[in-house]
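# Summary of structural features
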Amino acid sequence: MPELVFFSGTMDCGKSTLALQIEHNRSARGLQGMIFTRDDRAGEGKLSSRLGLVTDAVEAAEGFDLYAHLVETLSQGGRCDYVIADEAQFLAPEQIDQLARVVDDLELDVFAFGITTDFRSKLFPGSQRLVELADRIEVLQVEALCWCGARATHNARTVGGRMVVEGAQVVVGDVDASSDIGYEVLCRRHHRRRMTAASARAAALSPDVLPVDAGGVRGSAV
Ligand SMILES: Nc1ncnc2c1ncn2[C@@H]1O[C@H](COP(=O)(O)OP(=O)(O)O)[C@@H](O)[C@H]1O
Ligand SMILES: Cc1cn([C@H]2C[C@H](O)[C@@H](COP(=O)(O)O)O2)c(=O)[nH]c1=O
């Protein structure tokens, strides 16, 4: 029975890597996939992983009909055995409905990958629709970690290392510290307290802060 599967997790937990692995394993067995993406960091029409792998993909921009694209491909004699959609949080709810229709009417497996919540811990509309429609939701098993060592469950947007809570929902970016506007994955506790690695470091160095005992950051009051 074909399925719509939503592989979800924070940024940097290996979603695109898994998408590329699924693609590799299936194409190695002679299957032909259709790969969609939207606003990948590597540029238009690319699906990229931080492990360095990248593949071409169809850019599912605003207004693009994923179901119609597949029907047209098939009606022109093209082949498609399964569908991958990366950065699915950026898709509009109606585009997620189109993916569900691909499963139900074209009887193809659809593997969608995306973050569930934005920097304010609010659902992206595309992710909300996936939660509503998916046959299965899989949370990635490789844990991204907060600076404190706990499992990271939330995405923070940072400006100069400080977490911000104002701004557009969509700003393409990365978790490396090289750009002024970036992202950092945090546990809920530190997301709620807006405590990034940089602000925790600054607080630890501040003379206003009482010394932390030998228990380290996990045992501290942050
Ligand atoms: N230099 C590295 N060596 C080993 N693993 C790495 C390296 N850089 C990144 N990774 C792995 O890649 C993961 C990010 O993969 P990616 O598919 O780009 O994530 P996502 O699509 O979820 O944002 C990291 O969580 C880490 O496990
Ligand atoms: C939290 C958050 C993220 N984004 C962007 C940043 C990246 O370009 C992608 C996530 O990609 P990844 O492969 O999962 O790392 O989403 C955004 O636009 N808005 C946000 O709130």
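All values reported here derive from a predicted model rather than from experimental measurement.

## Remarks on the overall build of the protein chain
Helices and strands together make up the secondary structure of the protein chain, namely seven helices and eleven strands. Projected onto its principal axes, the C-alpha coordinates of the protein chain cover approximately 70 × 35 × 30 Å. Considering only residue pairs separated by 6 or more positions, the protein chain has 74% of its internal contacts joining residues 24 or more positions apart. With an accessible surface of roughly 11,700 Å², the protein chain has 50% of that area assigned to carbon and sulfur atoms. Once the 23 positive and 32 negative side-chain charges of the protein chain are each reduced to a mean point, those two points are 9 Å apart.

## Overview of the domain arrangement of the protein chain
Under the domain assignment used here, the protein chain contains domain 1 (1–142) and domain 2 (144–207). The interface of domain 1 with domain 2 comprises 21 residues on the first partner and 23 residues on the second. Approximately 1,700 Å² of surface area, both sides summed, lies buried where domain 1 meets domain 2, with 57% of it carried by carbon and sulfur atoms. At the boundary of domain 1 with domain 2, the tally comes to two salt bridges.

## Comments concerning the site of ligand 1
Looking at ligand 1, the residues that line it are M11, D12, C13, G14, K15, S16, T17, S49, R50 and L51. Here an oxygen atom of ligand 1 and a side-chain polar atom of T17 are 2.6 Å apart. A distance of 2.6 Å is found between an oxygen atom of ligand 1 and a side-chain nitrogen or oxygen belonging to R50. Relative to its unbound accessible surface of 590 Å², ligand 1 loses 62% to contact with the protein.

## Topic: the pairing of strand β9 (residues 154–159)
Of all six residues that make up β9, five are buried, and the element is covered over most of its length. Here β9 runs beside strand β11 (residues 181–186); their pairing, made up of six bridges, is antiparallel. The partner of N155 across the bridge, within β11, is V185. The sheet contact formed by β9 and strand β10 (residues 162–164) spans three bridges and is antiparallel. Note that in β10 the partner of T158 across the bridge is M163. Between the end of β9 and the start of β10, which pair antiparallel, lie two residues, with G160 showing a positive phi angle near 60°.

## Notes on the UniProt feature "binding site: substrate" (unreviewed entry) in the protein chain
Following the UniProt record, the feature "binding site: substrate" (unreviewed entry) maps to V170, V171, V172, G173 and Y183 here. Position of V172 relative to the elements: it lies in the loop between β10 and β11. Within the secondary structure, G173 is located in the loop between β10 and β11. Filtering out sequence-adjacent residues up to four positions away, G173 remains in contact with M11, R41 and Y183.

## A few points about unusual backbone geometry
Among all residues save glycine, negative phi is the norm, and among peptide bonds the norm is trans. Here S121, not a glycine, exhibits a phi torsion of approximately 60°, which is positive. On the accessibility criterion, S121 (34% relative accessible area) is partly exposed. In the Ramachandran plot, R194 falls in the positive-phi region, its phi being about 55° despite a non-glycine side chain. Checked against the element boundaries, R194 lands in the loop between α5 (188–192) and α6 (197–205). Taking relative accessible area as the criterion, R194 reaches 46% and is therefore assigned partly exposed.

Conventions adopted
Residues numbered from 1 in each chain as written. Chains lettered and ligands numbered in written order. Predicted model: local features only at pLDDT ≥ 70, side-chain atom pairs only at ≥ 80, totals over all residues. Heavy atoms only, no water. Helix = DSSP H or I, 4+ residues; strand = E, 2+ residues; numbered from the N terminus. Contact = heavy atoms within 4.5 Å. Areas by Shrake-Rupley, 256 points an atom, 1.4 Å probe, with all protein chains shown as cover. Lys, Arg positive; Asp, Glu negative; His and termini not counted. Charge placed at Lys NZ, Arg CZ, Asp CG, Glu CD. Domains from an automatic or database assignment. Buried area = accessible area lost by both parts, 1.4 Å probe. Salt bridge = Lys/Arg side-chain N within 4 Å of Asp/Glu carboxyl O. Near = heavy atom within 4 Å. Polar contact = N/O pair within 3.5 Å; in protein donor to acceptor, adjacent residues only side chain to side chain. Buried < 20%, exposed > 50% of the residue type's maximum accessible area, 1.4 Å probe, protein only. Pairing = 2+ DSSP bridges. UniProt positions renumbered as here; feature names shortened; annotations may be inferred.

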